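What the coordinates show
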Amino acid sequence: MEINNIIDYLVKSADFPGKTIKESCKKNNKEAVGCVAPYAPEEIVYAANCIPVGIWGGQVELTKARTYLPAFACSIMQSIMEYEIRGTYDFLKAVLIPAVCDTLKCFGQKWKGTSEAIPFVFPQNREAKSAEAFLESEYKYIKNKLEEILGITITEKALQDSIILYNDYRAEMRKFVEIASVHTDVITPVIRHKIIKSSYFMDKKDYLEYIKELNKKLRLLPANNSKNKRIIVTGIMLEPDGIIEYFEKYGMDIVGDDLTHESRQFRTDAPFSGSALNSLAKRWTNHNACSLAFDPYKERIQYLVDLANHYKADGLVIALMKFCDPEEYDVPLIMERMKKENIPLLVIEIDQQAKSFEQINTRLLSFAENM
Ligand code: SF4
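An account of the accompanying structure is given in this report. Computed from a prediction, not measured in an experiment: that's the story for all the values here.

Right, let's get into the overall build of the chain. The helix and strand inventory of the chain stands at 15 helices and eight strands. Here the C-alpha atoms of the chain give a radius of gyration of 20 Å, agreeing with the 21 Å that 2.2 N^0.38 yields for 371 residues. For the chain, the spread of C-alpha atoms along the principal axes amounts to about 60 × 50 × 45 Å. Taken over 371 residues, the chain has a buried fraction of 45%. Within the chain, counting contacts between residues at least 6 apart in sequence, those at least 24 apart form 70% of the total.

Following this line, the structure appears as structure tokens:
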């Protein structure tokens, strides 16, 4: 397959999630199970012969969500609530809801769709000895619930195979972001985002084949000598697409990211362990430098400095999800450190309900000019 065809296919897969999920389920003779926002153990869903589907909200007008969520709940959960009330997710066999923050803690009890909700808790103190055992028991609960809903047995072998596939996928994605950073003429900010996003709607086995082929083809191209500014983005997610288009418009390439929606998903592998569920639990306790995983040392700040140095970035943009507490706590610390490091920084607010981005447009323009 030609490189342009691979890119087109993945971009279209991200643009039409409903169609992509349907085709993927049909092709692989599988059902779909939703995973609300970050870090659900997709491997368990995959081992249950289902396609894990990422649920990350979207641009939707709120007409009903406010009945169940306060106005100060984060923008992404408002969108998800609106979609679930509208029945958008009712085709899913079940929905995994991880509690990584206060909003998500109550979200599992408020699920309005007809698909069964499986809420579970991530232990925040990941250094406590009990954290791993506790999370393993939460994953066992998810496994049992899926077995009950789907009327199947999830074997240890299926779980181990699933972990191997997911570790392969994560390794290939880490290669992709690395290679993409020197081919920003082909992998523009919008394309980069959509290629990563499309993985949420496809069978990982199929997606992995595309991304491997893409990496192979990208490697054969000469590195581009773009004069654009090199930018790192951090936060929960960088959407809607209208905002990413401004990066392109003002000559800014996204060369690296620390977004929950993107690189944070494939930063940490599940290490080898005698038991598959223990291996998945270890993945969380090993996951560092993330605002959603409690960290008294705030390793994320140093991680961002290292990331900026690694990619020789000209600046850092914090895509701050509206009303996201865990992200808001980190902002002053990041600002202070970037000032010391002399790394230009811009904070923009991400509101999935926004229809116009004029303010962000102006701020990105002046950020690009000042760099
Ligand atoms: S965006 Fe922030 S507040 Fe909202 S669900 Fe995610 S972590 Fe929680």
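With that settled, the discussion passes to the site of the ligand. Around the ligand, a shell composed of 15 residues is seen, among which Cys74, Cys101, Thr103, Met321 and Cys324 lie nearest. Elements that contribute at least two residues to the shell around the ligand include exactly helix H4 (75–86), helix H5 (102–107) and helix H14 (325–341). In the shell around the ligand, the residues fall into twelve nonpolar, one polar and two charged.

Strands pair in a sheet through their backbones, by hydrogen bonds, and they do so in one of two ways: parallel or antiparallel. With respect to topology, four strands assemble into an open sheet ordered E2-E1-E3-E4, the strand pairing being parallel. With one partner strand each, in any of the chains shown, strand E2 (50–55) and strand E4 (116–121) form the two edges of the open sheet. For this sheet, the mean inter-axis angle between neighbouring strands, taken without regard to orientation, is 25°. The sheet contact formed by strand E1 (residues 31–36) and strand E3 (residues 94–99) spans two bridges and is parallel. From the neighbouring strand, Gly34 faces E3, where its bridge partner is Val95. Running at roughly 170° to E2, helix H2 (residues 17–28) makes contact with E1 and E2 of the sheet.

Turning to the pairing of strand E6 (residues 252–259), a few remarks are in order. In terms of burial, E6 is largely enclosed, as eight of its eight residues are buried. Direction of pairing for strand E5 (residues 229–235) relative to E6: parallel, over a ladder of seven bridges. Opposite Thr234, over in E6, you have Asp258 as the bridge partner. The handedness of the E5 to E6 crossover, carried by helix H10 (residues 241–249), is right-handed.

It is worth spelling out the pairing of E1 at this point. A large share of E1 lies buried, amounting to five of its six residues. As judged from the six bridges shared by E1 and E2, these two strands associate in the parallel manner. Following the sheet pairing, Val33 is matched in E2 by Pro52. With helix H3 (residues 42–47) bridging E1 and the parallel E2, this β-α-β connection has right-handed handedness.

A few words on the environment of Tyr200. Within the element layout of this structure, Tyr200 appears in the loop between helix H8 (189–198) and helix H9 (204–220). Residues Tyr200 and Asn144, 56 residues apart in the sequence, show an inter-C-alpha distance of 23 Å. Dropping the residues within four chain positions of it, Tyr200 is found in contact with Val53 and Gly54.

Between Glu239 and the following residue, Pro240, the backbone shows a cis peptide bond with an omega angle of -5°. Along the polypeptide, Pro240 turns up in the loop between E5 and H10. Even without being glycine, Tyr39 reaches a positive phi, approximately 70°.

Analysis parameters
- Each chain has its residues counted from 1, following the order in which its sequence is written.
- It should be noted that, the model being predicted, local features are given only for residues of pLDDT at least 70 and side-chain atom pairs only at 80 or more, the latter also being counted only at that level, while totals for whole chains, interfaces and linings use all residues.
- In this description a helix means any DSSP run of H or I spanning at least four residues, a strand means any run of E spanning at least two, and both kinds are numbered starting from the N terminus.
- All radius of gyration figures rest on C-alpha atoms, and the globule criterion is 2.2 Å times the number of residues raised to 0.38.
- Backbone-placed C-beta atoms define the burial measure: a residue is buried with 20 or more other C-beta atoms within 10 Å of its own, exposed with 12 or fewer, and partly exposed in between.
- Here, residues touch in the contact sense if the C-beta positions derived from the backbone fall within 7 Å of one another.
- Using a C-beta atom placed from the backbone for every residue, we mark a residue as near a molecule or strand if that atom lies within 6 Å of it.
- Charged residues are taken to be Asp, Glu, Lys and Arg, nonpolar residues to be Ala, Val, Leu, Ile, Met, Phe, Trp, Tyr, Cys and Pro, and polar residues to be all remaining types, Gly included.
- At least two bridges found by DSSP between two strands is the condition for calling them paired.
- Helix axes are fitted only over the stretch in contact, all axes being lines through C-alpha atoms; the angle between N-to-C directions runs from 0 to 180 degrees.
- Think of it like this: strands point away, you trace from the first strand over the helix to the second, and a clockwise trace means the crossover is right-handed.

Note that all results are geometric; they support no functional claim without further evidence.
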